[in-house]
Every structure is written in C-alpha cells, then in structure tokens.
Amino acid sequence: MKDILVGQRGVRMQKLTTEDCRRIHEASLRLLANVGVEVHHEGALEIFREAGASVDGTRVRLHRELVEWALEVSPNGFTLHDRGGAPVMPVTGTNVFFGPGSETPQMLDHRTGERRNPVLADVAEGIRVVDALPNIDFMMSLFVPWDLDPSVAYVEQFKTMLMNSTKPPLMVTPSPDDVNKMVGMLEAIAGGEQQLREKPRGMLYINVTHPFRHEFDDVEKAIFAARKGLPFTYNPTVLRGANSPITVASGLAVAVAGEMIGLVLSQLVSEGAPFAFALSVDKLDMRSMVDVYSAPENRVTFVEMANFYDKPHFGLGGSSDSKVVDEQSVGEAVLSLLTEAMAGSNLVHDVGYMESGISNSLVQLAICDEFIGWVRRFMDATEVSDETLQLDLIERVAPMGDYLSEDHTLEHFSEDWYPKLLDQSTCDRWLKQGGKTLRERAEERVDHIIETHQVEPLAPEILAAIDSITEQEQHAS
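Figured I'd write up the structure that's included with this text. (Residues numbered from 1 in each chain as written. Predicted model: local features only at pLDDT ≥ 70, side-chain atom pairs only at ≥ 80, totals over all residues. Heavy atoms only, no water.)

A separate point is helix α12 (residues 362–379). When the terminal C-alpha atoms of α12 are compared, their 25 Å separation across 18 residues agrees well with the 26 Å that a helix rising 1.5 Å per residue should span. For α12, the buried fraction is high: 14 of the 18 residues fall into the buried class. Residue Ser 361 occupies the N-cap position of α12, its side-chain oxygen lying 3.3 Å from the main-chain nitrogen of Val 363. (Helix = DSSP H or I, 4+ residues; strand = E, 2+ residues; numbered from the N terminus. Expected span 1.5 Å × (residues − 1). Buried < 20%, exposed > 50% of the residue type's maximum accessible area, 1.4 Å probe, protein only. Polar contact = N/O pair within 3.5 Å; in protein donor to acceptor, adjacent residues only side chain to side chain.)

In structure tokens:
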C-alpha cells in the first residue's frame, strides 16, 4: 500500500485522503474477519481452509495476515499484447486505456434510428469499428447476438471478435466451459499455453453478482484464470442501498471485502497471478430502481482505492443513461472519461454504453473516441525546456512580429490536438460542408469504417484451430 501523491502523473485529483483509504481498508478487513463471504465452490473452500482461513460450511472468513500477504505477492501490473504478440497495453501505474462494453441486449441502429435486437453481423461490424478507432485500445463484445443459440453464442461471438480486430480482447461469459474454449482460441493465436502465459493476448472479466455470495461458476473462472496466468478482474457488483448500505464509504468497504476474496484466492492458486481491482460501487436510483452508470458518486473513489493498494484498476467511463445519442449522452460520457483518466483508472470499459447498459451505440463510441483523444492530449505533460521556451526567438521577433512562418512553428504545430469529428472552422465553411451536427458526422465516420476498414485475416492454420473449437461447441449443444 502507498500514499496517494497529489499531482502524480495521471493522478491529478483525489476525493479520498490516504487516511480515508486506510479506514476503508480496515473496515473491509473487519467485514472479512467477522462477517465473511459465502463461497459455493468446494475446491475453493479447501484452498482457503489449507491457507488457514476460517471455513464454516460455505462461509469463509479471512484474517488480516492472509489478505495483506495476497496484496504483497500479487503483481502491480501486467501487459496485454495484440493479436500479433506486440506489447500494446502496459496495465500499470497511471497508464489509462479505453474500450467498449459487452453484451448489451439492445443496440441503437444509426442507419434506421431503430432500437433493436442485435445479431452476430452487428458484432462483426462493431468490432471492425473498434479496430479502426485510434483511441479505443481493447475490445469487448458490444452486443448480444440474438440470432445464435445461447449455448454457443458467447464462443461464436468471441471467434467473431478475434477475426475482426487485432486489439486485445476482454472475455465475458457466464460459463467456465466457455472461458476454457476462449482461452484455447487465444492459445492457438499465441502458439501455445506457455506463449500465452508469457504474452497475454487478452483478459477475463468476471462479474460477480453479490459481494457476500460467490457462486460456483464465478469462482471456477477465477481459479482457471489464475492457473493459466491469465489477467482477470473479479468484480462483485455493489448497488448502494440494495446489497450494501447506501453511503459511498460503506459501499466501498463492502466492495473491497468482496473483491479481496478473488485476490486472495488467485494468489493461493498461483502466487503472482495477474489481477485487477474493479471495486464497482454503483448508484441505484431510488426513484426508478435503475443502476445509474453516469452518476457523479460513481467516479474516482474506486480508482483511488486501487491506487492505495498500488494495483491495476478496471474502471468504467464513456457511458450514458440517455436513450439516444444527444446532449445528455455526450455530456455524461465526457465527464466520466475525463474523471476516470484524471484519477488514473487503467482500463476504462463500457465506452459507448447507453441507457444504463441496456443498449449500445457505435455512433456514441465514435464520439467518445474523439473526446478520448482530447482527454489524452490534456493529460500529456507540458515540456518546459529551451526548445519550448524559445527566448531567443521571442527576442528576435517581438514585439510586433508574428511566428506563422518561423521554422519553430512548422516543426511543432502538429503537436497540438486536431479533431476529426469536432468542428473548429468558421461558420461559413461549416455551412458549405453541409452544416452537419456532431452526431451526423459521427454516423458518417462509422459508415465509412464499416465500408472500408480491413483487418488482417487470421492465418489459415490458426483459423482452422479456432474453427475446431467452435465446432466442438456446436456438437456439444
């Protein structure tokens, strides 16, 4: 654990003091020792029992020393690689990466304006858009493919992702067997189990339904990932006022307690297994019972707890509770992207989510990509040197000259951020170009990507290996 440094590169704001974080940590330790967590997995119960935890039926109580041992031996980061094995995402420190979300049951079809059930072809198109957008770093599955049998949907969806982008994928599925097949696909791409362990091509997202009750499938996936050396995040979702008290501090204590079960288990299975905190503590709107994605209470403090532990963080931003792409959706997305980046969240997912996670929009995703570019440029350090101060140049040109034709201007003007979607021209020029809104320009960009973007195909032998995995899935169903 470490003190949080105000002004640290990438951590430019804080809502919790170091003492606040310590109190939340101590509160979580008390909950783990006195209340404990139900773990519905006999193998995991035996692992905890052998490590000295108190196991009473399915109730596991962890003592301080075991938790702090796990914090000590777990790594402070890991690196995700692209499909070709290049290290593209060092998930550590204050590095921030962005990606979409997964499996929304609805999509906003920008071509028709319709809110409809997605199909596998929508996943393929959406992932190609993800692949083309320069500020989207990793991929998730975007939509539920309603045209597939649920028994094969997740595996087929993952195959489609691998075929339509070279960016690192995050795996989501309720089934441990599906995880086994997905990792088999990644091993085929990497060249084997050891090669994937050495250069992880993806990461597993385990979404646990209750912080005090951990079901077999979620625990089984955590054990599998730890044994494989596959990075994963173990996220017991906390809804304040529902499965935790309503205050943010209490929700954080509950979230930390639930997540420590995943961390400790991972290290007992394989010491040094890569793990990312999520600490998802959501606002439940007491007027509608909707899980609010864009609430200000959902921001920053969760990242700060991960910073306090000096561990990677899996965060959320770029999402909206709006039902359409409009002023609300853009405003909520931008605020969440900026605050998550300023706090130093390492993996910001759900970019492009709409309607509190019910629907997804490729247009919203493209708009968010633009603003992520703005955020990244804002987060860049400002260089102060002889080259950037240019006192000799000022003394030569000032007081009445200009710098438009100076070599220094020509050498450095492209370092400024120039948008692709936002309009910064004159009104006359904007009108001559059609007077289009940001949403209209984003729709055109999405269409252009879908029509023109090409992804390097998988090698025939790799595709054959992946096909054999999906064929086994189809036969099993």
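So that's the structure; there's more coming.
Here we come to the sheet that holds strand β12 (residues 232–236). Read across the sheet, four strands follow the order β9-β10-β12-β14 without closing on themselves; strand pairing throughout is parallel. Two strands lie at the open edges of the sheet, namely β9 (170–171) and β14 (275–276), each paired on one side alone. Both strand β10 (residues 203–208) and β12 contribute to a ladder of five bridges, which runs parallel. In the strand pairing of β12, Tyr 205 is matched with Thr 233. Lying over the sheet, helix α9 (residues 248–269) contacts β12 and β14, oriented at roughly 150° with respect to β12. (Pairing = 2+ DSSP bridges. Contact = heavy atoms within 4.5 Å. Axes fitted to C-alpha atoms, helices over the stretch in contact; angles between N-to-C directions.)

Turning our eyes to something else, we now look at the pairing of strand β15 (residues 281–284). Pairing geometry for strand β13 (residues 238–240) and β15, over three bridges, is parallel. Within β15, the position partnered with Val 238 by the bridge is Val 281. Here β15 pairs with strand β16 (residues 291–292) via two bridges, running antiparallel. Each bridged residue has a counterpart across the sheet, and for Lys 283 the counterpart in β16 is Val 292. Hairpin connection, β15 to β16: the antiparallel pair is bridged by six residues, and Met 289 has positive phi, about 65°.

Below, the discussion takes up the layout of surface pockets. To find the voids left in a structure, one rolls a probe of water-molecule size over its atoms. Of the voids in this model, the largest pocket is the one considered here, and its volume is about 720 Å³. Surrounding the largest pocket, 39 residues form its lining, Tyr 205, Asn 207, Asn 235, Thr 237 and Tyr 293 being those nearest its centre. Those elements giving two or more residues to the lining of the largest pocket turn out to be β10, α8 (216–228), β15, α10 (301–309) and β17 (314–316). For the lining of the largest pocket, the residue count by class is 16 nonpolar, 15 polar and eight charged. Within this model, the second largest pocket holds a volume of roughly 340 Å³. If you trace the second largest pocket, you find 13 residues lining it, with Arg 377, Thr 388, His 412, Glu 415 and Asp 416 closest to the centre. Contributing elements (two or more residues each) for the lining of the second largest pocket: α13 (386–389) and α15 (407–412). When residues of the lining of the second largest pocket are assigned to their parent elements, the largest contribution, three residues, is made by α15. Across the lining of the second largest pocket, the residue classes tally to two nonpolar, five polar and six charged. (1 Å grid on protein atoms, 1.4 Å probe; cavity = no way out; pocket = protein on both sides within 12 Å on 5 of 7 lines; lining within 4 Å. Points joined across faces, edges and corners; volume = space filled by probe spheres on them. Nonpolar A, V, L, I, M, F, W, Y, C, P; charged D, E, K, R; others polar.)

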